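Geometric and topological summary
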Amino acid sequence: MTIDLSSLLRGDVDRIDLDCAIAPDRAPDGIRLLPGASLKGTVTDLAGYVRLESTVSVPYEGECSRCLAKVRGELVFSFDRTLVAPGVIDEGELEENAENYLIINGGAIDPDSAVSESVLVEFPMVLLCSPDCPGLCPHCGKKLEKEGRCDCFVPETDPRWAKLKEIKWD
Ligand SMILES: [Zn+2]
Ligand SMILES: [Zn+2]
């Protein structure tokens, strides 16, 4: 997705509002990115440098790492960059602080690949269907109740106690 900044770079405007579709193409293992990712924010000319401040939303689908249920969610994070023309920033500085800059090429920026990098960084390490997901029963593999119990698990009755149960206490 290319975002044209020529009106701002010419000085016609000092701010461009963005609300555009983006297509990040990298996701952590086991995660599928769904269509509909967006970048919303502004590009502002701050007398001397150009700043992009935006919020990225990426819908995704994955599996709960405890119970394997399908989880759908939306990853939302801030995506802020100083926009620079090629050659303005020293190569070394650019490499060390890649997360601070985005290069303007031919009067435009193309944030897709930088956004893809951020998706990998911002993604939660462990995906859960709910923060207190109890996971699966180790005996039968069914999803556990909230208290971590399962119907399949009946404690074995000691035969001696079973005899006791037959006694009538009246
Ligand atoms: Zn779960
Ligand atoms: Zn069970």
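So, here is what we can say about the structure in this document. As the structure is a computational prediction, the values presented were derived from the model and not from experiment.

Rules used throughout
In this numbering scheme, every chain counts its residues from 1 along its sequence in written order. Chains carry letters from A onward and ligands carry numbers from 1 onward, assigned in written order. Predicted model: local features are reported for residues with pLDDT of at least 70 only, side-chain atom pairs are reported and counted for 80 or more only, and whole-chain, interface and lining totals are derived from all residues. Hydrogens and waters are ignored; side-chain quantities use all the structure's heavy atoms. A run of H or I in DSSP counts as a helix once it spans at least four residues, and a run of E counts as a strand once it spans at least two, with each numbered from the N terminus. Relative accessibility decides the category of a residue: with a 1.4 Å probe and only protein chains considered, values under 20% of the type maximum give buried, values over 50% give exposed, and everything between is partly exposed. In this description, contact between two residues means that some pair of their heavy atoms is separated by no more than 4.5 Å. As used in this record, nonpolar core signifies buried Ala, Val, Leu, Ile, Met, Phe, Trp, Tyr and Cys residues forming a set joined through side-chain atoms within 4.5 Å. Each metal's donors are the N, O and S atoms found within 2.8 Å of it, except that Na, K and Ca use a 3.2 Å limit; water is left out, so coordination can look incomplete. Metal sites are grouped by the angles between bound donors: all angles between 85 and 135 degrees with four donors is tetrahedral, opposite donors over 155 degrees apart with the others between 65 and 115 is square planar for four donors and octahedral for six, and any other pattern is irregular. Any two strands with at least two DSSP bridges between them are considered paired. Each patch is built from residues lacking any salt bridge and having more than 30% relative accessible area; the joining distance is 9 Å for like charges and 5 Å for nonpolar side chains (Val, Leu, Ile, Met, Phe, Trp, Tyr). Only the protein chains shown count as cover for residues, and the accessible areas themselves come from Shrake-Rupley with a 1.4 Å probe. Should a side-chain nitrogen of Lys or Arg be within 4 Å of a carboxyl oxygen of Asp or Glu, the pair is scored as a salt bridge. Note on charges: Lys and Arg go in the positive column, Asp and Glu in the negative column, and His and the chain ends are not counted at all. All charge positions are set by atom: Lys at NZ, Arg at CZ, Asp at CG, Glu at CD.

What follows covers the overall build of the protein. A tally of regular secondary structure across the protein gives 4 helices and 8 strands. Reading the secondary structure of the protein in the N-to-C direction produces β-α-β-β-β-β-β-α-β-β-α-α. Taking all 170 residues of the protein together, the buried fraction comes to 35%. For the protein, long-range pairs separated by at least 24 residues make up 51% of all intrachain contacts whose partners lie at least 6 apart in sequence.

Our next topic: the nonpolar core. One finds Val 43, Phe 79 and Leu 83 to be the most contacted residues of the largest nonpolar core, which totals 32 residues. Elements that contribute at least two residues to this core include exactly β2 (15-21), β4 (38-45), β5 (50-63), β6 (70-84) and α3 (112-122). Those residues in contact with Phe 79 that lie beyond four places of it in its chain are Leu 39, Leu 52, Glu 53, Ser 54, Val 56, Leu 102, Pro 111, Ala 114, Val 115 and Ser 118.

At 2.3 Å from the zinc ion (ligand 1) lie its protein donor atoms, namely Cys 64 (SG), Cys 67 (SG), Cys 129 (SG) and Cys 133 (SG). Every donor counted, the 4 donor atoms about the zinc ion (ligand 1) form angles of 106 to 112° at the centre, which fits tetrahedral coordination. Positions of the donor residues of the zinc ion (ligand 1), expressed as sequence spacing, correspond to C-x2-C-x61-C-x3-C. On the criterion of sequence distance, the pair formed by Cys 64 in the loop between β5 and β6 and Cys 133 in the loop between α3 and α4 (159-166) is long-range, its members being 69 residues apart. The pair Cys 64 / Cys 133 is uniform in exposure class, with both members buried.

Around the zinc ion (ligand 2), the protein contributes the donor atoms Cys 137 (SG), Cys 140 (SG), Cys 150 (SG) and Cys 152 (SG), which lie 2.2 to 2.4 Å from the metal centre. One way to put it: the 4 donor atoms around the zinc ion (ligand 2) meet at angles of 106 to 112°, and that makes the site tetrahedral. Here the donor residues of the zinc ion (ligand 2) share one chain and are spaced in sequence as C-x2-C-x9-C-x1-C. Note that Cys 140 is positioned in the loop between α3 and α4 and Cys 152 in the loop between α3 and α4, a separation of 12 residues in sequence.

Our focus in this paragraph is the environment of Ile 16. When you line up the elements, Ile 16 lands in strand β2. A relative accessible area of 14% places Ile 16 in the buried class. Spatially, the C-alpha atoms of Ile 16 and Asp 45 are 9.0 Å apart, while their sequence positions differ by 29 residues. Setting aside chain neighbours within four positions, we find Ile 16 in contact with Asp 4, Leu 5, Ser 7, Leu 8, Gly 41, Thr 42 and Val 43.

Looking at chain direction, β2 and β4 are connected through 7 bridges and run antiparallel. Considered in β4, the bridge of Arg 15 is made with Thr 44. For β4 and β5, the ladder comprises 8 bridges, and the chain directions are antiparallel. Bridging from a neighbouring strand, Thr 44 pairs with Arg 51 of β5. Between β4 and β5, which pair antiparallel and follow one another directly, the connecting turn spans 4 residues, one of which, Ala 47, has a positive phi of 40°.

Okay, a negative patch on the surface next. Taken together, Asp 90, Glu 91, Glu 95 and Glu 96 make up a surface patch of like negative charges. Structurally, Glu 96 can be placed in helix α2 (residues 91-96). Among the residues examined, Glu 96 registers a relative accessible area of 66% and is labelled exposed.

Let's shift gears to α3. Counting along an α-helix, one turn takes 3.6 residues, and residues three or four places apart therefore face a common direction. Among the residues of α3, Asp 112, Ala 114, Val 115, Ser 116, Ser 118 and Val 119 are the ones counted as buried. In the core, the buried residues of α3 are packed alongside β4, β5, β6 and β7 (101-103).

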